[in-house]
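Listed below are the residues making up each chain.
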There are 4 protein chains.
Amino acid sequence: MKYDFQCDYSELAHPSVLEALSAIGTTQFEGYGLDEFSSRAANLVRTLIKMPSADVHFVSGGTIANLVVISSILRPHEAVVAPVTGHIFVHETGAIEATGHKVCTVTDKNGKIYPPEIDTLIKEHHDEHMVKPKLVYISLSTEGGTVYTKAELTDLSNYCRKTGLYLYMDGARLGAALSSTVCDLTYSDIAGLVDAFYIGGTKNGALFGEAIVICNDHLKADFRFLIKHRGAMLAKGAAVGLQFEALLKDGLYDKLAHHAHEMAGKFATGIQDAGYELLFPQETNLFFPIFPKDLIQKLRQSYAFHDWKDMGDMAAVRLVTSWATPESAINAFLDDLKQI
Amino acid sequence: MKYDFQCDYSELAHPSVLEALSAIGTTQFEGYGLDEFSSRAANLVRTLIKMPSADVHFVSGGTIANLVVISSILRPHEAVVAPVTGHIFVHETGAIEATGHKVCTVTDKNGKIYPPEIDTLIKEHHDEHMVKPKLVYISLSTEGGTVYTKAELTDLSNYCRKTGLYLYMDGARLGAALSSTVCDLTYSDIAGLVDAFYIGGTKNGALFGEAIVICNDHLKADFRFLIKHRGAMLAKGAAVGLQFEALLKDGLYDKLAHHAHEMAGKFATGIQDAGYELLFPQETNLFFPIFPKDLIQKLRQSYAFHDWKDMGDMAAVRLVTSWATPESAINAFLDDLKQI
Amino acid sequence: MKYDFQCDYSELAHPSVLEALSAIGTTQFEGYGLDEFSSRAANLVRTLIKMPSADVHFVSGGTIANLVVISSILRPHEAVVAPVTGHIFVHETGAIEATGHKVCTVTDKNGKIYPPEIDTLIKEHHDEHMVKPKLVYISLSTEGGTVYTKAELTDLSNYCRKTGLYLYMDGARLGAALSSTVCDLTYSDIAGLVDAFYIGGTKNGALFGEAIVICNDHLKADFRFLIKHRGAMLAKGAAVGLQFEALLKDGLYDKLAHHAHEMAGKFATGIQDAGYELLFPQETNLFFPIFPKDLIQKLRQSYAFHDWKDMGDMAAVRLVTSWATPESAINAFLDDLKQI
Amino acid sequence: MKYDFQCDYSELAHPSVLEALSAIGTTQFEGYGLDEFSSRAANLVRTLIKMPSADVHFVSGGTIANLVVISSILRPHEAVVAPVTGHIFVHETGAIEATGHKVCTVTDKNGKIYPPEIDTLIKEHHDEHMVKPKLVYISLSTEGGTVYTKAELTDLSNYCRKTGLYLYMDGARLGAALSSTVCDLTYSDIAGLVDAFYIGGTKNGALFGEAIVICNDHLKADFRFLIKHRGAMLAKGAAVGLQFEALLKDGLYDKLAHHAHEMAGKFATGIQDAGYELLFPQETNLFFPIFPKDLIQKLRQSYAFHDWKDMGDMAAVRLVTSWATPESAINAFLDDLKQI
């Protein structure tokens, strides 16, 4: 069987997560996330982000986290602004539009967007014949595996606050981002700079589950109604609470992210040492080496990965490491690379 | 702590389910439910219902199963018909309306609805100033814990087919229903009589997860798009596939349902023996004894359960048993009942 | 051809309205309701209701007025409360649900609803598993042709304000209602008691058009976006502004309503004098006499009208007069009634 | 007051249209477009397009025509493809997204789109993580005032049919387009090549109103439900039927369009004779001369028109003529142009 570098959700869950689920046996708990495990996990999130006032809600996945949060914030005629490569614009099958809202796009640089491009868009939307952009969606890390610096995120946050825009961060790969050596942000920084974000479990060792964090008091009201209304409230909310407790109580979450990042670093370095370039610098657990197309064809016999960009005789492919990637898999790939 | 008879999702998951999740370690799998475990679980469902042509899709919970299926079937002006006590009408926070569709209601008898009442509704909706009812929603077991007989479901199915209505069954408690001694339906009967249904995992031993089954070929197209579009596609779909494989491969699903039903039978009998009546006969794992209100107040000191119906000095309460309910809990309740 | 007592929109428009449209020739005006005619008409509305701060917007019809207003007010999980006979619940083909919101119903008395029944509904909706009722919809006159008294509307308004509910009035037949001898409300009273309402033109002499009035400052923001967003903004908004100017500047609107009401009064009295009862007292321009079914069949040969309520050998039918109903039509009907 | 070249809906309605509305006096008619006038107007449309089987429905404006048609055709996960300058993408305040659907865009040439660009988009949307494009939206004339030739529209139609896409044409300015000397299409050609389109009244002499034409039998079912469901059904549908009868019975519609086109031709020629270039050739009643910015500023003192494209010291502006534009207004502009 081929080794899979397609994504960071190819392995089920870290053993500690599964042990936490098994440990409680038939202990009874309240339904719908009102259990003590979810409560403790929410407190661990609040401690992590150093914001005791934050509201924390657990849901099953990233797309539903995005659509619940975004549709909870916007009035009907309001729109969300996203990078043109943004997950909500490209890869969520119109889930945001299904809630009635347009996704407006701005050109990104390797996945990141900046105030000037957003401002141009805002200024173009000047009357009632166009939607009213009201919320900026970013992700950390981005679709390009890149990270915002503290200065960049602060600029974005300041711009949004000055302009009356909310700022929401999709943190499906937040762990990977914060493990990056080029990222100087902390969880606490993020909580202070955005209005809402989520901390992704699915792509960092959980069986499933994301922790939505609402920082801005104005966005907190009735959020549990909105979760239920979109079908996102789990009867056994405890199943996510237990996982996040296991991930957060002793720093496992960051440890797993760090491993993924370390593996990606070795992987990228090895590929560069073998004489191949990257499309842009590797910053987190996904990166984009440029290979000759015939080499790609040969590599595909042993490894699974996604195409990214056609460049004539060459092409960029996407390689992703995870919390579970063994160094041996990377070494095998690098060996094959040299031999082919 | 009080023993909880509020619902059948107060305990996390059967050990075999959790073992199945733990057993695969870091084995890699395809994302989004395209993995081999989900594939095998889907085949087990097809075998169970004796319908090799059925499409099977796994999602995380009942509300999202309902909204994905219902909104996948209806054109914008079409409506779903439900019992006035139906879960989609009462307890899903407008999740169906959020997809743009009205839920029309008909009066039920202990949770069940019949062709004559539906036909009256259909005939009242005779022109374009009213929605067009196009789909009938029922649940098995019902909100009243009752079950349709084969004759009743056949009547309903015949009526729907003759009238051009689709028939969809919410099977959140399908296991419990089919374990009922008064239910003469089989999985295969149901598959032959409805257009779509789901087999509930969450309320019968799974950590989470429901298996949507689409029987009618006309409703199958693009269903994976529709799952993703509502945020219901799990990145690690394998997490549900593995659970259903564990539940179905050796009959565990029915065994757990049978336990819940057996406990409810003993429970109901004990209560009747103690001199109390039921609101209507106990058919599955939830039933409704009628107690004096002061007795209810005392029972609440040791047990959690839901109010159901105010009847003056008396009231009906809802008691629910689960796959995990120990006989000792029931005996304790019955003892207390006698002592108070 | 049969004379039509089915509704009050069977005749096109009062001559003064059409003259106002013809009078401006090819005078140019701003598009989208930003013209001076709409501006003057809005001022006439503000003068009529004695509320200089009100926002006034013109749209083409009642259903779209209702759906724009209601969907502009509610957050996604919030619901509107309506009489079970309410137009938005029965006769708008799910237009409110199409914007994502459930319509909750309370039992009405001849079309009117009262705080106790609403309060029961509100108290039943106590947690996040149910929609959150946030807006009460009433109509004046009601579907039963009845009117709220000032005391009744004040009670309703006080209840809503105390309970945190918005109050919206569908005024498709507001003119007819305020012409009623049993109605002691004024336009100004209404503006002070509700959060938003509309003054219906279509059913009182206009070619088409309704004037939405927003009284509550919190509901005013971005309303023009919301009108456009639902397709309700007319390129030639002037076409409605001109009509409302014609209807309001010299009291034509009330004069036409008064005529309809006067005709209905004579009509109802004549029917009662002929020995037939009404289902409930005639208060506005529509009322419900009870006739033997064979009489109804004969009357239908010469007159068009709607069935209302089957009562065995007898049935109640709905008769409607309009701004254009000639006394001769009523006399002819009464003559036929005596002869048959 | 400034003369207004901003749009073709700055004058109310052609006298013949208003006369038709006035002529019927208090003649009674059936509500909701079931009247004889609408029926006759629909027949006139069928004759015009030489398609006796077409369904014809009248609504009040272009945005609501677009949203009713598009949302009637698409399943929830399906998307509409539009030019990036398309009215539904830019200038309808998210009205399509409000019905739950994404608008995907392709780059246009002066407003027109072609199969190769659409095909690239279709091929990029290859799996269930992306919306499924199912309908192509074009307008005739386009936002650039350009027209498709018969060959171009035939290519587009063939491509759509081969690919399983529906083709819908926004005909807000269809009259102007078919009056163009560079357009070799007929109404009948269009009806044969698209699945649905609308013939715009508002921008060509009507007070308001558009005639939706459904050519493809598969798209006809329940369309009146869908009109009502979006609030687009006028109680006095006769008001639009009468107007279209007046416009179509003696060729007035085309005569008015011809006038607008003739005026635009003189206008554009005059501007070019005065030494200024057009952004691209004038084909219909709107065109885009390029002027120095200081000249624009001076012209604005006497004329109203929209900015179109900033080009440094120069800018393109949009000039629009209508059915009512007098030659004197154009001459005055041209005189001023020479004098400034």
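Residues numbered from 1 in each chain as written. Chains lettered and ligands numbered in written order. Predicted model: local features only at pLDDT ≥ 70, side-chain atom pairs only at ≥ 80, totals over all residues. Heavy atoms only, no water.

> Got a sec to walk through the overall build of chain A? Specific residues and values, please.
For chain A, the helix and strand inventory stands at 13 helices and 13 strands. For the C-alpha atoms alone, the extent of chain A along its principal axes is close to 60 × 55 × 35 Å. Here chain A holds 340 residues, and the buried ones make up 68% of them. The long-range fraction of contacts in chain A, counting pairs at least 24 apart against all pairs at least 6 apart in sequence, stands at 72%. For chain A, the accessible area works out to roughly 11,500 Å², and carbon and sulfur atoms hold 50% of it. (Helix = DSSP H or I, 4+ residues; strand = E, 2+ residues; numbered from the N terminus. Buried < 20%, exposed > 50% of the residue type's maximum accessible area, 1.4 Å probe, protein only. Contact = heavy atoms within 4.5 Å. Areas by Shrake-Rupley, 256 points an atom, 1.4 Å probe, with all protein chains shown as cover.)

> Just give me the short version of the sheet that holds strand β8 (residues 210-214) of chain C, but keep the residues and values in it.
By definition, the strands of a sheet pair up through backbone hydrogen bonds, in either a parallel or an antiparallel sense. All names here are of chain C. The strand order across the open sheet formed by seven strands is β2-β8-β7-β6-β5-β3-β4, and the pairing between neighbours is mixed. With partners counted over all chains shown, the strands left at the sheet margins are β2 (55-59) and β4 (103-106), one partner each. Pairwise comparison of adjacent strand axes, ignoring direction, gives a mean angle of 25 degrees for this sheet. Along the sheet, helix α3 (residues 62-73) contacts β2, β3 (78-83), β5 (132-139), β6 (166-170), β7 (196-200) and β8; its crossing angle with β6, the most-contacted strand, is approximately 175 degrees. (Pairing = 2+ DSSP bridges. Axes fitted to C-alpha atoms, helices over the stretch in contact; angles between N-to-C directions.)

> Describe the interface of chain C and chain D, listing the residues and the values that go with them.
Counting residues at the interface gives 49 residues for chain C and 49 residues for chain D. For the pair chain C and chain D, the summed buried surface comes to about 4,000 Å²; carbon and sulfur atoms form 58% of the total. When residues of chain C are sorted by the area they lose upon contact with chain D, L12, Q28 and K236 of chain C head the list and together hold 20% of the total. On inspection of chain C and its partner chain D, the count reaches zero salt bridges. If you look at where chain C meets chain D, you find 22 residue pairs in polar contact (both at pLDDT 80 or more). Looking at the side of chain C that touches chain D, the elements with two or more residues in it are β1 (3-4), α1 (15-23), α3, α9 (223-229) and α10 (238-248) of chain C. (Buried area = accessible area lost by both parts, 1.4 Å probe. Salt bridge = Lys/Arg side-chain N within 4 Å of Asp/Glu carboxyl O. Polar contact = N/O pair within 3.5 Å; in protein donor to acceptor, adjacent residues only side chain to side chain.)

> Tell me about the relation of the copies chain C and chain D, and please be specific about residues and values.
It takes a turn of 180 degrees to lay chain C on chain D, together with a shift of 0.0 Å along the axis; the resulting RMSD is 0.0 Å. What we have between these two chains is a two-fold relation. The residues that chain C uses at the interface reappear at the interface of chain D in 100% of cases, marking a shared surface. (Least-squares fit on C-alpha atoms with pLDDT ≥ 70 in both.)

> Residues and numbers for the relation of the copies chain B and chain A, please.
Laying chain B over chain A is done by rotating through 180 degrees and shifting 0.0 Å along the axis; what remains is an RMSD of 0.0 Å. Mapped onto chain A, 100% of the interface residues of chain B are again interface residues, and the two copies thus contact each other with one and the same surface.

> Lay out the sheet that holds strand β2 (residues 55-59) of chain A in plain terms, naming residues and giving numbers.
Residues and elements named next belong to chain A. Taken in spatial order, the seven strands make up an open sheet running β2-β8-β7-β6-β5-β3-β4, and their pairing is mixed. Each edge of the sheet is formed by a strand with only one pairing partner; in this case those strands are β2 and β4 (103-106). Going across the sheet, the axis of each strand differs from the next one's by a mean of 25 degrees, ignoring polarity. Sheet topology note: the strand β6 (residues 166-170)/strand β7 (residues 196-200) ladder contains two bridges and is parallel. The partner of M169 across the bridge, within β7, is F197. Strand contacts of helix α3 (residues 62-73): β2, β3 (78-83), β5 (132-139), β6, β7 and β8 (210-214), with the helix running at about 175 degrees to β6, the strand carrying the most contacts.

> Pulling in residues and values, what's your account of the packing of aromatic side chains?
By convention here, two paired aromatic rings are described through the distance between centres and the angle between planes. Enumeration according to the criterion identifies 58 aromatic pairs over all chains in this entry. Where Y137 of chain B meets Y168 of chain B, the ring centres are 6.1 Å apart and the plane angle is 50 degrees; that geometry is what we call tilted. Residue Y137 of chain B is found in strand β5 (residues 132-139), and its partner Y168 of chain B is found in strand β6 (residues 166-170); the two are separated by 31 residues along the sequence. Where Y276 of chain D meets F291 of chain D, the ring centres are 5.1 Å apart and the plane angle is 80 degrees; that geometry is what we call edge-to-face. Of the two residues, Y276 of chain D is situated in the loop between α11 (252-273) and β9 (286-287) and F291 of chain D in strand β10 (residues 290-292); the sequence distance between them amounts to 15 residues. Accessibility classification places Y276 of chain D together with F291 of chain D in one group, the buried group. (Phe/Tyr/Trp six-rings, centres within 6.5 Å; stacked < 30°, edge-to-face > 60°.)

> Go over the interface of chain B and chain A, please, and point to the residues and values.
Each side of the interface is counted separately: chain B has 49 residues, and chain A has 49 residues. Summed over the three residues of chain B that lose the most area to chain A, namely L12, Q28 and K236 of chain B, the buried surface amounts to 20% of that side. The interface formed by chain B and chain A includes zero salt bridges. Its residues placed into classes, the side of chain B that touches chain A shows 24 nonpolar, 17 polar and eight charged. (Nonpolar A, V, L, I, M, F, W, Y, C, P; charged D, E, K, R; others polar.)

> Describe unusual backbone geometry, with residues and values.
The step from L140 of chain C to S141 of chain C runs through a cis peptide bond, and the omega angle for that step is -10 degrees. In this fold, S141 of chain C is placed in the loop between β5 and α6 (150-163). Positive phi, close to 55 degrees, is recorded for K50 of chain B, a residue that is not glycine. Phi is positive for N110 of chain B, close to 55 degrees, though the residue is something other than glycine. Relative to the elements of secondary structure, N110 of chain B occurs in the loop between β4 (103-106) and α5 (115-124).

> Which residues make up the confidence of the model for chain A, and what are the values?
For chain A, per-residue confidence averages 97 on the pLDDT scale, and 100% of positions sit at 70 or higher. Both confidence scores are given for the complex: pTM 0.97, ipTM 0.96. (pLDDT = per-residue confidence, 0-100.)

> Explain the pairing of strand β12 (residues 306-311) of chain C to me, and be specific about the residues and the numbers.
Residues and elements named next belong to chain C. Pairing geometry for β12 and strand β13 (residues 314-320), over five bridges, is antiparallel. Bridge assignment links H306 to a residue of β13, and that residue is R318. Between β12 and β13, which pair antiparallel one after the other, the connecting turn spans two residues, and G312 there sits at a positive phi close to 85 degrees.

> Kindly report on the packing of α5 of chain B against helix α6 (residues 150-163) of chain B, identifying the contributing residues and their values.
Residue and element names in this part refer to chain B. Across the interface, α5 lies against α6 with an axial gap of 10 Å and an inter-helix angle of 25 degrees. Viewed along their axes, α5 and α6 adopt a mutual orientation that is roughly parallel. Between α5 and α6 lies a crossing whose hand is right-handed. Between α5 and α6, the contacting residues are P115, I118, D119 and I122 on the first element and D155, L156, Y159 and T163 on the second. For the contact of α5 with α6, the per-class residue count stands at five nonpolar, one polar and two charged. (Parallel < 35°, antiparallel > 145°, perpendicular 65-115°, else oblique. Left-handed = near helix turned anticlockwise from the far one by under 90°.)

> An account of the pattern of salt bridges is requested, with residue identities and associated values reported.
If you walk through the whole model with that rule in mind, you get 48 salt bridges over all chains. Ionic pairing is found between K132 of chain C and D222 of chain A, a salt bridge with its closest N-O pair at 2.9 Å. Of this pair, K132 of chain C sits in strand β5 while D222 of chain A sits in the loop between β8 and α9 (223-229), each in a different chain. When its relative accessible area of 27% is taken as the criterion, K132 of chain C is described as partly exposed. Residue class for D222 of chain A comes out buried when judged on its relative accessible area of 18%. The residue D307 of chain C makes a salt bridge to R300 of chain C at a minimum N-O spacing of 2.3 Å.

> Tell me what's going on with the side chain of K228 of chain B, and back it up with residues and numbers.
Locating K228 of chain B in the fold gives a position in helix α9 (residues 223-229). Buried K228 of chain B, no salt bridge; nearest opposite-charge side chain is E92 of chain A, N-O distance 6.0 Å. (Lys, Arg positive; Asp, Glu negative; His and termini not counted.)

> Kindly report on the state of the cysteines, identifying the contributing residues and their values.
Each disulfide consists of one covalent bond between the sulfur atoms belonging to two cysteines. What the rule picks out here adds up to zero disulfides over all chains. C160 of chain A supplies the cysteine sulfur nearest to C215 of chain A, a cysteine that is in no disulfide, at a spacing of 14 Å. (Disulfide = S-S within 2.5 Å.)

> I'd like to hear about the side chain of S71 of chain C, residue by residue, with values.
You can see S71 of chain C is positioned in helix α3. At 2.7 Å, the side chain of S71 of chain C and the backbone oxygen of L67 of chain C are in polar contact. The contact partners of S71 of chain C, leaving out residues within four places of it in the chain, are P76 of chain A together with T99, H101 and R230 of chain C.

> Would you mind going over helix α5 (residues 115-124) of chain C in detail, with residue names and values included?
All names here are of chain C. All of the buried residues along α5 are P115, I118, L121 and I122. All buried residues of α5 fall inside an arc of 125 degrees around its axis, so they share one side. Structural note: α5 exposes P116 and K123 on the side pointing more than 90 degrees away from its buried face. Looking at the buried residues of α5, the elements they touch are β3, β4, β5 and α6. (Arc of directions from axis to C-beta.)

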